[in-house]
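In case you want the letters, here they are:
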Amino acid sequence: MATYTMDSTQFAVYAQEVAKQSAPMSSAEYFNGTLFVTGCTPREASKIQTAFEYIGVGVIVTPGAEYSFDFI
């Protein structure tokens, strides 16, 4: 099994792309280790969380008008 390493800039782009694919009507911004997604539904937030867990990245989701995804 191959391992791929991303630097913080690559991960920021990847995180925003995951949000765009999982919640196409939302807007996403990655800042200081946290992905902020505005305008997504709880189901879309679950898809985003699952996408990160699938690649082995732990995430803490905080719901609200703007979902935040803190990566651990």
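Just so you know, these numbers come straight off a predicted model, no measurement behind them.

(A) Focus on the overall build of the protein chain. For the protein chain, the count of helices and strands is two helices and four strands. The order of α-helices and β-strands along the protein chain, N terminus first, is α-β-β-α-β-β. For the protein chain, whose C-alpha radius of gyration is 11 Å, the value lies close to the compact-globule estimate of 11 Å for 72 residues. With the C-alpha coordinates of the protein chain rotated into their principal frame, the extents come out at 35 × 20 × 20 Å. Across the 72 residues of the protein chain, 31% fall into the buried class. Total accessible area on the protein chain is roughly 4,800 Å²; 57% of this is exposed by carbon and sulfur atoms.

(B) Up close: the nonpolar core. Judged by nonpolar contacts, the single largest core of 16 residues is most densely connected at Leu-35, Val-37, Ile-48, Phe-52, Phe-69 and Phe-71. Elements represented by at least two residues in this core include exactly helix H1 (8-22), strand S2 (34-38), helix H2 (42-54) and strand S4 (66-71). The element that contributes the greatest number of residues to this core is H1, accounting for four residues. With near-sequence residues (within four places) excluded, Val-37 lies in contact with Ala-19, Ser-26, Ser-27, Ala-28, Ile-48, Glu-66, Tyr-67 and Phe-69.

(C) View of the environment of Val-13. As for its placement among the helices and strands, Val-13 is situated in helix H1. Val-13 sits 16 residues away from Glu-29 along the chain, and the two C-alpha atoms are 9.4 Å apart.

(D) How the structure looks around H1. Under the 1.5 Å per step criterion, the end-to-end length of H1 is 21 Å for 15 residues, consistent within 8% with the ideal 21 Å. Looking at H1, one finds that the buried residues are Phe-11, Ala-12, Ala-15, Val-18, Ala-19 and Ser-22. Buried positions in H1, seen along its axis, are confined to an arc of 125 degrees and lie on one side of it. Exposed and oriented more than 90 degrees from the buried face of H1 are Thr-9, Val-13 and Gln-21. Lining the buried residues of H1 we find strand S1 (27-31), S2, H2 and S4.

Conventions used here
- Residues numbered from 1 in each chain as written.
- Predicted model: local features only at pLDDT ≥ 70, side-chain atom pairs only at ≥ 80, totals over all residues.
- Heavy atoms only, no water.
- Helix = DSSP H or I, 4+ residues; strand = E, 2+ residues; numbered from the N terminus.
- Rg over C-alpha atoms; globule rule 2.2 N^0.38 Å.
- Buried < 20%, exposed > 50% of the residue type's maximum accessible area, 1.4 Å probe, protein only.
- Areas by Shrake-Rupley, 256 points an atom, 1.4 Å probe, with all protein chains shown as cover.
- Core = buried A, V, L, I, M, F, W, Y, C linked by side-chain atoms within 4.5 Å.
- Contact = heavy atoms within 4.5 Å.
- Expected span 1.5 Å × (residues − 1).
- Arc of directions from axis to C-beta.

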